[in-house]
Each structure stands twice: as C-alpha cells, then as structure tokens.
Amino acid sequence: MPELKVLISRDQIASRVAEIGADITRDLSGQPVIFVGVLKGAAIFLADLARQVQLDASFDFIGVSSYGNRPSPAQELQHGWDSTGEVRLTKDVDQSMRDRNVILVEDILDTGLTLNFLKRVLLGHQPKSLRIVALLDKPSRRKQPMQADYVGFAIPDEFVVGYGLDYAEQYRNLPDICVVPRPV
Ligand code: 5GP
C-alpha cells in the first residue's frame, strides 16, 4: 500500500464537527433528535457529532450494501464505487421514527445513490422531520441529485480513508482523513 497523504487533519475535523453540532442545536431549537448513522463508515463521525449537539438525543444505525456491484478494493480505488443503483438495505432502524426529528448521518456523499435510497427508506418511517448530514461531499461524482443539509467538507474526486472510512475494512481508525494515491 502506498503512503497515505493527510487531506483533512484531526484538528480541522474537530472544529468543523463542532460547527455543524452548533448549527444542528440551533436549527432544532430544543427538540429531541434521533441520529441514524450509516454503518460502518459514519460511526466515528456520529459519536463525535452527537457530543457537540446540545439536545436530547438517541442513536440508531442503518446498513446498506451494493453487493453484486461493489468492485474489488483495487478497482474501487481506481474508479470509485460505481454502483449501478442497486443499493439494498442490510439493516433497518431498530426504533420507531414516526413523528421524530431524524438526522441521517453519512460519512461521504459520492454518486448520491446511497443517500437517495436511504432518504426514501427513512421517509417511509414517517418522521416529523428528516435532515441529512454528510461529513464529506464529492460533488463532481454525482449521478443522482442529492444535497445534504449539512456538509463538513467538499473534496475533489480522490479516494479517502480514515475517521471511519475504509479501504478493504482497513484504516477506519486513522484520526485524520487521508488520500490513498491511485496507482499510475
Ligand atoms: P454513493 O452512493 O454516494 O456513491 O456512495 C456513498 C458510499 O460510497 C459511502 O458511504 C462510502 O461507503 C463509499 N465511498 C465513496 N467514496 C469513498 C471514498 O473516497 N472512500 C471510501 N472509503 N468510501 C467511499
């Protein structure tokens, strides 16, 4: 594996997460929320973000997979995760979302397929409100229109790892967000 290059440092992440937490606290004005993290990549972001939000909060997690379409790790690094739209639910939420304020927490918004799918799934649970927060956004990769309500950082079309994001299940525990150089 080639050397990783830091794209966003742990300090930059911490101050941006605090800003987003303050925005959510202000926007929800005292109402309780449920954070729904997308497994597994958003787990670390959810843990940090939730501690920056001054509201009554509970956690839930949802799982998706692009099985059948997900390329090998090497292809994923080279071309990104070009799912053909066949996102499927591997784990639904555990608690009722009905009439609750739901905040869907995702690690990275890329083609937009995953969040469009999850938005439909969660709206089916009839929440009082649904907001989407994505730590990272690669706007140049979009295949389906999707805008998150809160975005940590817009990044170029690079493959990134760390702070929850993996490459073949590795590097999730890196404290910084790093670029994996693409093989030439
Ligand atoms: P989308 O459906 O928006 O194309 O993809 C979202 C999912 O693709 C993310 O949740 C993440 O799992 C994966 N993904 C997209 N870009 C990257 C990246 O640069 N690094 C990693 N580790 N995963 C990515």
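The structure presented is a predicted model; accordingly, all values stated were derived computationally and were not measured.

**Student:** Lay out the side chain of N116 with the relevant residues and their values.
**Tutor:** Structurally, the position occupied by N116 is in helix 4 (residues 113-123). When sequence neighbours within four positions are dropped, the list of residues in contact with N116 reads Q144, P145 and M146.

**Student:** For the pattern of salt bridges, give the residues involved together with the corresponding values.
**Tutor:** Using the criterion set out here, one finds 13 salt bridges in the structure. Residues E19 and R16 are paired through a salt bridge, measuring 2.8 Å at the closest nitrogen-oxygen approach. Taken together, the residues E19 and R16, both in helix 1 (residues 10-28) and 3 residues apart, mark about one turn of the helix. When the shortest N-O distance is used, the salt bridge between D23 and R26 registers 3.3 Å. In this pair, D23 and R26 both sit in helix 1, 3 residues apart, roughly one turn of the helix. Given a relative accessible area of 23%, D23 falls into the partly exposed group.

**Student:** Got a sec to walk through helix 2 (residues 43-50)? Specific residues and values, please.
**Tutor:** Looking only at helix 2, the buried set comprises F45, L46, L49 and A50. Along the axis of helix 2, the buried positions cluster into a sector of 120°, meaning they face one direction only. Of the surrounding elements, those touching the buried residues of helix 2 are helix 1, strand 2 (33-38), strand 3 (57-65), strand 5 (101-109) and strand 6 (129-137).

**Student:** Could you give me a rundown of the site of the ligand, with the residues and numbers involved?
**Tutor:** The ligand sits among 15 residues. The nearest are T111, T114, K138, V160 and D166. Between the ligand and E106, the relevant distance is 3.0 Å, taken from an oxygen atom to a side-chain nitrogen or oxygen of the residue. Taking D107, its side chain carries an N or O atom lying 2.9 Å from an oxygen atom of the ligand. When the ligand sits alone it has 510 Å² of accessible area, and the protein chains cover 93% of it. Elements supplying a minimum of two residues to the shell around the ligand: strand 5 and helix 4.

**Student:** Any chance you could break down the side chain of K138 for me, citing the residues and the numbers?
**Tutor:** Note that K138 resides in the loop between strand 6 and strand 7 (150-154). Here K138 is buried and forms no salt bridge, its nearest opposite-charge partner D110 lying at an N-O distance of 4.1 Å. With residues up to four places along the chain from it excluded, the contact list for K138 reads I108, L109, D110, I155, P156, D157, E158 and F159.

**Student:** Outline the sheet that holds strand 9 (residues 177-179), supporting the account with residue identities and numerical values.
**Tutor:** Sheet architecture is open: 3 strands sit in the order 1-9-8, paired in antiparallel fashion. For this open sheet the edge positions go to strand 1 (5-8) and strand 8 (160-161), each flanked by a neighbour on one side alone. Bridge analysis of strand 1 against strand 9 gives 3 bridges, and the strand direction is antiparallel. Directly across from I8, in strand 9, lies its bridge partner I177.

**Student:** Describe unusual backbone geometry, with residues and values.
**Tutor:** Note that the residue after L39, namely K40, is joined by a cis bond; omega there is -10°. Along the chain, K40 falls in the loop between strand 2 and helix 2. Although it is not a glycine, A168 sits at a positive phi angle of roughly 50°. Accessibility expressed as a relative area gives 45% for A168, which makes it partly exposed.

Conventions we followed
- Residues numbered from 1 in each chain as written.
- Predicted model: local features only at pLDDT ≥ 70, side-chain atom pairs only at ≥ 80, totals over all residues.
- Heavy atoms only, no water.
- Helix = DSSP H or I, 4+ residues; strand = E, 2+ residues; numbered from the N terminus.
- Contact = heavy atoms within 4.5 Å.
- Salt bridge = Lys/Arg side-chain N within 4 Å of Asp/Glu carboxyl O.
- Buried < 20%, exposed > 50% of the residue type's maximum accessible area, 1.4 Å probe, protein only.
- Arc of directions from axis to C-beta.
- Near = heavy atom within 4 Å.
- Polar contact = N/O pair within 3.5 Å; in protein donor to acceptor, adjacent residues only side chain to side chain.
- Areas by Shrake-Rupley, 256 points an atom, 1.4 Å probe, with all protein chains shown as cover.
- Lys, Arg positive; Asp, Glu negative; His and termini not counted.
- Pairing = 2+ DSSP bridges.

Such coordinate-based values are descriptive only and should not be taken to indicate function.
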